[in-house]
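# Coordinate analysis (summary)
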Amino acid sequence: MSTNVLPPAAGGSTPQPANAAAVQGAPGERLLDDPAEWPGFGRRLGDQTPGERWESHLVIEGMHCAACALTIEDALRAVPGVEQADVSAASQRARVVWNAELAPPSTWFAAVRRAGYHALPAADAQARQRRVEENRRALWRWLVAGFCMMQVMMYAWPAYIAQPGDLSGEMESLLRWASWVISLPVLLFACGPFFSSAWSDVRHRRISMDLPVALGMAITFVVSSLGTFDPEGIFGREVYFDSLTMFVFFLLTGRWLELRLRDRTAGSLDALMNRLPESVERRGADGGFVRVGVRRLAAGDILRVLPGEAFPADGELTAGSTRVDEALLSGESTPCWRTVGGAVAAGSINLESAVEMRVERVGADTRFAEIIALMEGAALQKPRLAQLADRVARPFLVFVLLAALAALLWWWPRDPQHALMVAVSVLIVTCPCALSLATPVAMLSAAGSLAREGVLVRHLQALESLAGVDTVVFDKTGTLTHDGMVLRRTLAAGEMPESEALHLAAALARYSLHPLSRALVAAAASGGSSDWEVSELQESPGRGLTARVRRRASADVPRNVLLGSAVHVGLPAQPGGDGGGGDSVEVCLAWAAETESARRVIARFGFEDTLREELPAALRALEQAGIGVQVLSGDRAASVARVAERAGIGAWRGDCTPGDKLASVLALQARGHRVAMVGDGLNDGPVLAAADASFAFGSALPLARMRSDFVVLGGQLALIAQSILLARKTLRVVRQNLWWAALYNALCVPLAIAGLMPAWLAGLGMAASSLLVVLNAARLARGLPSLAAPTEGGVHYGARSRVPTPA
């Protein structure tokens, strides 16, 4: 969203803080006080009342470590009217909950700026461009440092290889002056961000990662300059311009690569948020189309969406047809065909031709907005391990300064010049970045991979819980099976052929929304058109349909017909349970009569649940991972038993109330099992909340109402197994990162204090430590683990289930 295009709303007043006279926000920041701008980077919490609360998301520039994140949080929370502030160093984003009367946006944007950082609305159209410019400046600084480093090394090389007497005093002085001159661009340009951040730390009496680094650079340059200006002085024995340029180059290399990797992993949310167009063509009163801002849209508007553009709102097509990429919303990579009357969703891409659509939902009411809200919330969460790393970041930096001072005092009596360079090595090598990035970067990378495949992570901490799961409990309907049922058997009584009986039943069923009615209509649609006329139709909920029917173009008197359960029709059920023959449900069609004994059956229709096609592969992957599988369902026990038998699941239970499901999961946990629950996200709320990790299939429910840790958008059951495998891999990566960060500091700090690590090697180690953590986490962004191929003969999963059937 743009911060420089909309004037204040006509006739409206901008809320001002109590200390408005003291707020000196930049002009762009004061524009954000216009209430018309607020929905562009946030949402209102609760009802619109005086003193209303808003939640906004920001992108923070200039942040490099956990100490920076803590500093920004403190600055935001100090603003009167800001109720909550959360900042993530890994995603470089912030979430602010604020009171509209007490803390308009300009106040807390100014607070971030005074703290030495720059904030942008998360949906700002300029945010991506500024990130590109930041990458370009970082690249230029890296190139300058690299070129100057090579030149300085060329001038320093003779001093390394020369024997005593090979270099005259004049030549050595000339080489030192040449190195001094070439080091100036490195100090003044390439080191600029380090010094500006350190100066901000000094002014605000705080410590961040850049303060010890900048101190090390400044000390090295000053000591080397004194040795150049006065070769006979206390610091004249040696200069360190080569070490200065080398460790600056190494640091900038690590920071630039880290920046690029962050954009590819944790930065994927920004790309999704900027998916909506800035403007779209809207039909005006004269029938012509005029391009307007997306935030000016309202329900009922007619829009024209061109090929390659994203649909800006939820609605339906009114003209044209096209293919639509809905991968973000459903996880389905295959484009979907949409024609007149078809539904389109905000954030999906028009791939082929220009179409017109009628707007139904805009802004925060769209499915796209729900997905973005979930991803924003997850990106700012701090898992327990990350919170621990953040708590030790500031004390660790204080320890760095004290350790450098102690090393300086220890070595000073023996050799002041060497003492200063030992202190420089300690300042540079002891970096907390690897520790603070170890957990959040890995989890954000995993969350990004899951989101690209159609699984939204609502709680980052749940990835850690999911990695330890040893039992997965499924609800039946909508998880193991598709939402609807299919017609599997038609038994005609002989009065009319099966196909004709099916068309008669479908003629009644098309007036009902019952799942079985829809299944009848779908089955009859493939067999031609019906010639039955229906009148006086009545529906009895839970029982069936009654109507009068006759053939078209026929003089026959309409006859009463019944369609529904055996009880509704007045007939006994087939032997063998509810439907017989292995079917889950039976529906009967019969001619009505005054007495039940006089009714004549026309046909019986048997329906059954359809298992998801990917179920065998998903269960096989869970079995190979040592995970037990159970089914807990509120459906009838006979129906659950048949589905479990067809799926090969030995542990199941039917006729479960929500309380029964909850008791079963609690009993499993009491026996020491870690349980993941897969349900519908709404009716299974209590058991989803009680499970160690939970999944909900989110095809038809408001995402904000779901109580699960993960939301599966596309309904692909295989994603459950893949998510568990990715969570285990994520936890391994986190542990590897933490071990590396701990071992690096435990090894390098003593070496630097002992004077065994030169400054250039300290710079290399510091850059490599952070870079290795991010590179290791980037492996998680490659995609989800693939499931194993089917094995001949299949696998019976119930036979190997380690969890007994719940009592």
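Keep in mind that this is a model prediction, so the values were computed, not measured. (Residues numbered from 1 in each chain as written. Predicted model: local features only at pLDDT ≥ 70, side-chain atom pairs only at ≥ 80, totals over all residues. Heavy atoms only, no water.)

## With respect to the overall build of the protein chain
Note the cut-off: Helix and strand definitions follow DSSP, with helices as H or I runs of at least four residues and strands as E runs of at least two, each counted in order from the N terminus. Only protein chains enter the accessibility calculation, which uses a 1.4 Å probe; a residue is then buried when its area is under 20% of its type maximum, exposed when over 50%, and partly exposed in between.
Helix and strand counts for the protein chain stand at 25 helices and 27 strands. Looking at the protein chain as a whole, 53% of its 807 residues qualify as buried.

## As for the packing of aromatic side chains
Rules: To pair, rings of Phe, Tyr and Trp, with the six-membered ring standing in for Trp, must have centres within 6.5 Å; the planes then decide the type, stacked if under 30 degrees apart, edge-to-face if over 60, and tilted in the middle. Sitting over a ring, as applied to charges here, requires NZ of Lys or CZ of Arg to be within 6 Å of the ring centre and within 35 degrees of the ring normal.
Tallied over the entire structure, the rule returns 13 aromatic pairs. Residues F249 and F250 carry aromatic rings whose centres are separated by 6.0 Å and whose planes lie at 55° to one another, so their mutual orientation is tilted. The class for F249 is buried, based on a relative accessible area of 16%. Three or more aromatic residues link up through ring pairs in this structure, and these residues are W177, W180, F221, F229 and F241. Above the plane of the ring of W591 lies R559, whose end atom (NZ or CZ) is 3.9 Å from the centre.

## Observations regarding the sheet that holds strand 13 (residues 349-350)
Short version of the rule: Between any two strands, pairing holds if DSSP finds at least two bridges.
Within the open sheet, the three strands sit side by side as 11-10-13. Their pairing is antiparallel. Pairing within the sheet leaves two strands with one partner each, and these edge strands are strand 11 (336-338) and strand 13. Examined bridge by bridge, strand 10 (residues 322-325) and strand 11 share three bridges and lie antiparallel to one another. In the sheet register, T322 faces strand 11, and the bridge partner there is R338.

## A short note on the nonpolar core
For clarity, the cut-off: Nonpolar cores are built from buried Ala, Val, Leu, Ile, Met, Phe, Trp, Tyr and Cys residues. Side-chain atoms within 4.5 Å join them into one set. In what follows, residue pairs with any heavy atoms lying within 4.5 Å of each other are defined as contacts.
Core analysis: the biggest nonpolar cluster contains 56 residues, and L466, V472, F474, L622 and F710 have the highest contact counts within it. With nine residues, the single largest contributor to this core is helix 24 (residues 718-753). Setting aside its immediate chain neighbours within four residues, L466 contacts A676, A693, F695, F710, S723, I724 and A727. Core analysis: the second largest hydrophobic core is formed by 53 residues, L187, L244, F247 and A419 among them.

## Observations concerning the sheet that holds strand 16 (residues 471-474)
Counted only if it meets this: Note on definitions: angles span 0 to 180 degrees between N-to-C directions of axes, and those axes are lines fitted to C-alpha atoms, for helices only across the stretch in contact.
If you walk across this open sheet you meet the seven strands as 15-27-26-25-16-23-24, and the pairing is mixed. Edge strands, defined here as strands with exactly one partner in the open sheet, are strand 15 (455-457) and strand 24 (651-653). Neighbouring strand axes in the sheet, compared pairwise and without regard to direction, differ in orientation by 20° on average. The pairing of strand 16 with strand 25 (residues 675-679) spans four bridges and is parallel. Looking at the pairing, V472 lines up with A676 of strand 25. The strands touched by helix 21 (residues 637-647) within the sheet are strand 23 (628-632) and strand 24, with strand 24 carrying the most contacts at an inclination of about 160°.

## Brief notes about the side chain of S56
Which entries qualify depends on this criterion: As used in this structure description, the phrase polar contact means that two N or O atoms lie within 3.5 Å; if the pair is within protein, one of them must be able to donate a hydrogen and the other to accept it, and residues adjacent in sequence are counted only when both atoms belong to side chains.
Residue position: S56 is located in strand 2 (residues 53-61). Looking at S56, the relative accessible area reads 0%, which means it is buried. Of the polar contacts made by the side chain of S56, one reaches the side chain of W98; its length is 2.9 Å. Not counting the four nearest positions on each side in its chain, S56 is found in contact with F41, G42, A94, R95, V96, W98 and W108.

## Quick look at a nonpolar patch on the surface
For the record, the criterion: Think of a patch as exposed residues, more than 30% relative accessible area, with no salt bridge, where like charges cluster within 9 Å and nonpolar side chains (Val, Leu, Ile, Met, Phe, Trp, Tyr) cluster within 5 Å. Accessibility throughout is a Shrake-Rupley quantity obtained with a 1.4 Å probe, and a residue counts as covered only by protein chains that appear here. One speaks of a salt bridge when a side-chain nitrogen belonging to Lys or Arg is within 4 Å of a carboxyl oxygen belonging to Asp or Glu.
A cluster of nonpolar side chains, contributed by W140, L143 and F189, occupies part of the molecular surface with about 330 Å² of accessible area. Here L143 shows up in helix 4 (residues 125-161).

## Some thoughts on the pattern of salt bridges
All chains considered together, the criterion is met by 21 salt bridges. Residues R95 and D86 are paired through a salt bridge, measuring 3.1 Å at the closest nitrogen-oxygen approach. Overall, R95 belongs to the buried group, its relative accessible area being 18%. D314 is paired through a salt bridge with R361; the nearest N and O atoms lie 3.4 Å apart. Residue D314 is located in strand 9 (residues 314-319), and its partner R361 is located in strand 14 (residues 355-361); the two are separated by 47 residues in the primary sequence. A relative accessible area of 3% places D314 in the buried class. Ionic contacts of the salt-bridge type, sharing partners, join the residues E55, E73, R77, D86 and R95 into one network.

## Quick notes on unusual backbone geometry
The backbone of E536 shows a phi angle near 50°, a positive value even though the residue is not glycine. Secondary-structure assignment places E536 in strand 18 (residues 532-540).

## Considerations on the pairing of strand 6 (residues 279-283)
Relative to strand 7 (residues 289-293), strand 6 runs antiparallel, the two sharing five bridges. Paired with R282 across the strands is V290, a residue of strand 7. Hairpin remark: strand 6 followed by strand 7, antiparallel, with five residues in the connecting loop; positive phi at G287, about 90°.

## Some words on helix 3 (residues 105-114)
In terms of burial, helix 3 is a largely internal element, eight of the ten residues being buried. Regarding helix 3, the residues found buried are P105, S106, T107, W108, F109, A110, A111 and V112. Where helix 3 ends, the next residue or the one after it, G116, has phi of about 100°, a positive value.

## Topic: helix 18 (residues 515-525)
Definition in use: When we speak of the arc, we mean the arc of directions from the helix axis to the C-beta atoms.
Among all positions of helix 18, only L516, S517, A519, L520 and A524 are buried. End-on view of helix 18: buried residues confined to an arc of 160°, all on one side of the axis. Along helix 18, exposed side chains directed more than 90 degrees from the buried face belong to A522 and A525.

## Here we look at the environment of L563
Within the fold, L563 resides in strand 20 (residues 559-564). Separated by 55 residues in sequence, L563 and L508 place their C-alpha atoms 7.7 Å apart.

## Remarks on the packing of helix 6 (residues 192-204) against helix 7 (residues 210-229)
For any two helices packed against each other, one specifies the crossing angle of their axes together with the interaxial distance. For clarity, the threshold we go by: Left-handed describes a crossing in which the near helix is turned anticlockwise from the far one by less than a right angle; the clockwise case is right-handed. For this classification, Asp, Glu, Lys and Arg are treated as charged, while Ala, Val, Leu, Ile, Met, Phe, Trp, Tyr, Cys and Pro are nonpolar and the rest, including Gly, are polar.
Two elements in contact, helix 6 and helix 7, have axes whose closest approach is 8 Å; the angle formed by their N-to-C orientations is 120°. In terms of crossing hand, the pair formed by helix 6 and helix 7 is left-handed. Residues P193, F194, F195, S197, A198, D201 and V202 of helix 6 pack against D210, L211, V213, A214, M217 and A218 of helix 7. The class makeup of the residues in the contact of helix 6 with helix 7 is ten nonpolar, one polar and two charged.

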